[in-house]
Every structure is written in C-alpha cells, then in structure tokens.
Amino acid sequence: MIWQLDILLLIFIVVCAIAAINIKDLMGAVIILGAYSFFMCLLWTEMGAVDVAFTEASVGAGISTVLFIAAVNRTARRSKD
Amino acid sequence: MRNWFKLISMAAVIITGALLIYGTHDMPAWGDPDSPANSHVSPRYITEATKKTATPNIVSAVLADYRSYDTLGESAVIFTASISCFFLLRRIRNKEDHND
Amino acid sequence: MTEYILAKYNYWIYVVLMMIGLYAMMGKRNLVKKLIGMNIFQTSIILLFVSTGVKKGGATVPILMHAGHEHGAQLIQVSDYLNPLPHVLMLTAIVVSIATTGVALATLILIYKRYHTLEEDEILAIRRESRAYKTPRILNPTD
C-alpha cells in the first residue's frame, strides 16, 4: 500500500471518467473507457486484489471495449453531447 | 429546455453526492484491520480454507468450493445474457434477408 | 482533522466517481454515453467493495505461502492476509456487469436499426410525431 501511487491512480481514474463522458466522438470515449478500466485494474493490483485485477483486465478492459467498438461501428459515431 | 434539464440533473447529482459524503462519516477508517467487514466471516476462511480444500489461493477456494452455488448462478446469468443477445441480434439478420 | 481526511479521502473519491457515472446517466442525451456512465457507476461500487477488504499494516494478497508444509496451519495469522471475501463477491459482480453491457449494446443496435439515431430527444420526437399523425411509418414492424 503506497499512498503516493494510490493518489496518482485515483487522479488518473477521475480524469479518465470525466474525459470519457465529455468527448463528442464516441469511439474516443470508448477507448478512454478502456484506459479507465486499465487504471482501475492497476489500482486493484495495488490494493492486493490480484484475482479481481485479472478479471477486470481481461473482461472489463478487453471484452467490454471490443463489444463497445463493435456496437459503435454498427451505429452512429458522432454524438451531440 | 435542454440546459434546464442539465442544471436539474447536476443539482440532483451534487445533492446526492453531498449526502453520500456525509454518510461516510460513520464508516470505519480506510484500511482498518479491525473493521466489521474484516473481523467476522473472513478469519475462518483464511485459517481453514487450506486445511479443508487443499488450495493455497483462498479466493479460488471460496469461489469454487465454499460458494460454488454462487458461481453456478453466475454462469446461469451469463448463459441468459448470451442467449438473449443471440436472439436480439438474430432478428435483424432475418429482416435484412427479407428486405433484400 | 488531517487524520480524519487521511482516513476518509478514498471514500470521497469513490463518491465523486459514482456521481460522475450518475450524471452521465441522467444528464447526457446519447445512449452510448448513458451506457458509459452505467459502466463507471458499476466500477465505482465494485471499487468501494474491494476497498473494504484492505488491511493496513503488512497484509499481503490472500494466497498462502506455506501451504505444502506440514506445520502450515500454525503459521497462518489472520492479520497477515487480506480479506478474501469482497474479492470473491466482486469477481461475480464484474462478470455480471459485462453481461448487462452486452445485452444493452444489442438493444442499442436494435434501436439504431429502427430509428436511425441514438439521441434520446430525437427518438422521443420521432415517436411523438408518429403517434400524432397515426402513421406508424417508422414503427412499422415490416420496415
């Protein structure tokens, strides 16, 4: 438990979350959501929850991003807000 | 109209967040080894899991042995989701075939 | 005061994350944005639950070190290992969240096929118009 790394990762996570809901390009927002998931995975590794971090890296950052990209490819890419 | 709606949702979010932050006053300190979540069920798992299930990884022992019905229900959830995705997306392809 | 902030600032940042997700679900009009907000909301709740298993003061990951030895049972100290129970429960929650995301994205593709837009106000306008003129040209099932 290193508190400097903890605060750094939490700041990165909040910045990624705000960027993901404010970007008008949906593909960019989805990629930033993948980066958010990886930062979350790093935070859980740092907390000691290694099994949860494995699952998040494979499921939350991998499969979820792939599904989002497939759905955005089939629908509109631009968003109004 | 649209800005008005966004203002109302922002106000609701800020009020909810303030109430939740007020609610953290009663929670135990972060990382406290003697908090209620750390002192009731889990000591039994930590001390007895290896003896009873012969698995060094306690998370795997609890997931697949102590609480395996939970994992069974989870796989039922995944099965339901995949079946519903299959049927939702299959109807589109049939419609397109009819149109062409 | 400083001690109080150091003991609680993690919870406050989790609440901020959760409120970012809630604002995206309420204030944004795009349906993909709402889904991204739902993901952020779920992840913040999972983060709160995982953080209840943290023990300060030298605890390591819940994998036993001396499992193969004969006297392994005597070496186990509860304060040496993290709480494994929140990890197990949140493992289930992550997998269920990907299931809900998959079904929601499939529904989103269906909505786009029918209305040709993903903005909530445009979808509502199309529905209102087709109901007012009694001509369900877009809601026609054979369309």
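The rules behind the values
Residues numbered from 1 in each chain as written. Chains lettered and ligands numbered in written order. Predicted model: local features only at pLDDT ≥ 70, side-chain atom pairs only at ≥ 80, totals over all residues. Heavy atoms only, no water. Contact = heavy atoms within 4.5 Å. Buried area = accessible area lost by both parts, 1.4 Å probe. Salt bridge = Lys/Arg side-chain N within 4 Å of Asp/Glu carboxyl O. Polar contact = N/O pair within 3.5 Å; in protein donor to acceptor, adjacent residues only side chain to side chain. Helix = DSSP H or I, 4+ residues; strand = E, 2+ residues; numbered from the N terminus. Buried < 20%, exposed > 50% of the residue type's maximum accessible area, 1.4 Å probe, protein only. Nonpolar A, V, L, I, M, F, W, Y, C, P; charged D, E, K, R; others polar. Phe/Tyr/Trp six-rings, centres within 6.5 Å; stacked < 30°, edge-to-face > 60°. Expected span 1.5 Å × (residues − 1). Arc of directions from axis to C-beta. 1 Å grid on protein atoms, 1.4 Å probe; cavity = no way out; pocket = protein on both sides within 12 Å on 5 of 7 lines; lining within 4 Å. Points joined across faces, edges and corners; volume = space filled by probe spheres on them. Axes fitted to C-alpha atoms, helices over the stretch in contact; angles between N-to-C directions. Parallel < 35°, antiparallel > 145°, perpendicular 65-115°, else oblique. Left-handed = near helix turned anticlockwise from the far one by under 90°. Patch = residues over 30% accessible without salt bridge, like charges linked within 9 Å, V, L, I, M, F, W, Y side chains within 5 Å. Areas by Shrake-Rupley, 256 points an atom, 1.4 Å probe, with all protein chains shown as cover. Lys, Arg positive; Asp, Glu negative; His and termini not counted. Charge placed at Lys NZ, Arg CZ, Asp CG, Glu CD.

Student: Summarise the interface of chain A and chain C; cite the residues concerned and give the values.
Tutor: Across the boundary between the two partners, chain A contributes 44 residues, which contact 43 residues of chain C. Carbon and sulfur atoms make up 78% of the surface buried where chain A meets chain C, a total of about 3700 Å² over both sides. Between chain A and chain C we count two salt bridges in total. A salt bridge links K80 of chain A to E122 of chain C; the nearest nitrogen and oxygen atoms lie 3.3 Å apart. At the junction of chain A with chain C, the criterion picks out six residue pairs in polar contact (both at pLDDT 80 or more).

Student: Explain the pattern of salt bridges residue by residue, including any values.
Tutor: A complete count under the given rule lists seven salt bridges over all chains for this structure. Of the charged contacts, one joins D25 of chain A and R77 of chain A as a salt bridge, the two residues approaching to 3.0 Å between their closest N and O atoms. Of this pair, D25 of chain A sits in the loop between α1 (3-22) and α2 (26-47) while R77 of chain A sits in the segment after α3 (50-74), and the two are 52 residues apart along the sequence. On the basis of relative accessibility, which here comes to 44%, the residue R77 of chain A falls in the partly exposed class. As a salt-bridge pair, E120 of chain C and K34 of chain C come within 3.7 Å of each other at their nearest N and O atoms.

Student: Any chance you could break down the interface of chain C and chain B for me, citing the residues and the numbers?
Tutor: At the interface, 54 residues of chain C touch 51 residues of chain B. Here chain C meets chain B over a buried area of about 4800 Å², counting both sides, of which 72% is carbon and sulfur. Where chain C touches chain B, the interface holds zero salt bridges. Where chain C touches chain B, the interface holds 14 residue pairs in polar contact (both at pLDDT 80 or more). The biggest single contributor to the side of chain C that touches chain B is helix α4 (residues 84-115) of chain C, with 18 residues. Tallied by class, the residues present in the side of chain C that touches chain B amount to 35 nonpolar, eleven polar and eight charged.

Student: An account of the packing of aromatic side chains is requested, with residue identities and associated values reported.
Tutor: Residue and element names in this part refer to chain C. With the rule as written, the count across this model stands at five aromatic pairs over all chains. When the ring of Y11 is compared with that of Y14, the centres are 6.4 Å apart and the planes differ by 85°; the resulting orientation is edge-to-face. Of this pair, Y11 and Y14 both sit in helix α1 (residues 2-27), three residues apart, roughly one helical turn. According to the relative accessible area criterion, Y14 is buried, its value standing at 3%.

Student: I'd like a description of helix α5 (residues 120-132) of chain C, backed by residues and values.
Tutor: All names here are of chain C. The end-to-end C-alpha separation of α5 is 18 Å, in line with the 18 Å expected for 13 residues at 1.5 Å each. When we look at burial in α5, the residues that qualify are I123, I126 and S130. One face of α5 carries all of its buried residues, which in axial projection span an arc of 60°. Across from the buried face of α5, at angles greater than 90 degrees, the exposed residues are R128, R131 and A132. Contact partners of the buried residues in α5: α2 (31-51) and α4.

Student: Which residues make up empty space enclosed by the protein, and what are the values?
Tutor: One way to see where empty space is left: roll a probe the size of a water molecule over the atoms. Summed over the entire model, instances satisfying the criterion amount to one cavity of 30 Å³ or more. The calculated volume of the largest cavity comes to roughly 150 Å³. The wall of the largest cavity is formed by 15 residues, among which E56 and G60 of chain A together with N39, T43 and S97 of chain C lie closest to the centre. Listed by contribution, the elements that provide at least two residues to the lining of the largest cavity are α2 and α3 of chain A together with α2 and α4 of chain C. Of the residues assigned to the lining of the largest cavity, the class counts are six nonpolar, eight polar and one charged.

Student: Mind laying out the packing of α1 of chain C against α2 of chain C, listing which residues take part and the relevant values?
Tutor: Residues and elements named next belong to chain C. At a closest axis distance of 7 Å, the pairing of α1 and α2 adopts a crossing angle of 160°. The angle between the axes of α1 and α2 places the two elements in the roughly antiparallel class. In this structure, α1 meets α2 at a crossing whose hand is left-handed. Two secondary-structure elements touch here, α1 through Y11, Y14, L17, M18, G21, L22, A24, M25 and M26 and α2 through K33, K34, G37, M38, I40, F41, S44, L47, L48 and S51.

Student: Which residues make up the packing of α3 of chain A against α4 of chain C, and what are the values?
Tutor: It is at 10 Å that the axes of α3 of chain A and α4 of chain C come closest, and there the two elements cross at 0°. The angle between α3 of chain A and α4 of chain C falls in the class roughly parallel. Listed contacts from α4 of chain C to D51, V52, T55, E56, V59, I63, S64, L67, F68, A71 and R74 of chain A of α3 of chain A are H87, L91, I94, V95, I98, T101, G102, L105, I109 and Y112 of chain C. A class-by-class count of the residues in the contact of α3 of chain A with α4 of chain C yields 13 nonpolar, five polar and three charged.

Student: Tell me about a positive patch on the surface, and name the residues and values.
Tutor: Residues and elements named next belong to chain C. Residues R114, R127, R128 and R131 make up a contiguous surface patch of positive charge. Top element by residues in the positive patch is α5. It accounts for three residues. Positionally, R127 belongs in helix α5. On the accessibility criterion, R127 (33% relative accessible area) is partly exposed.

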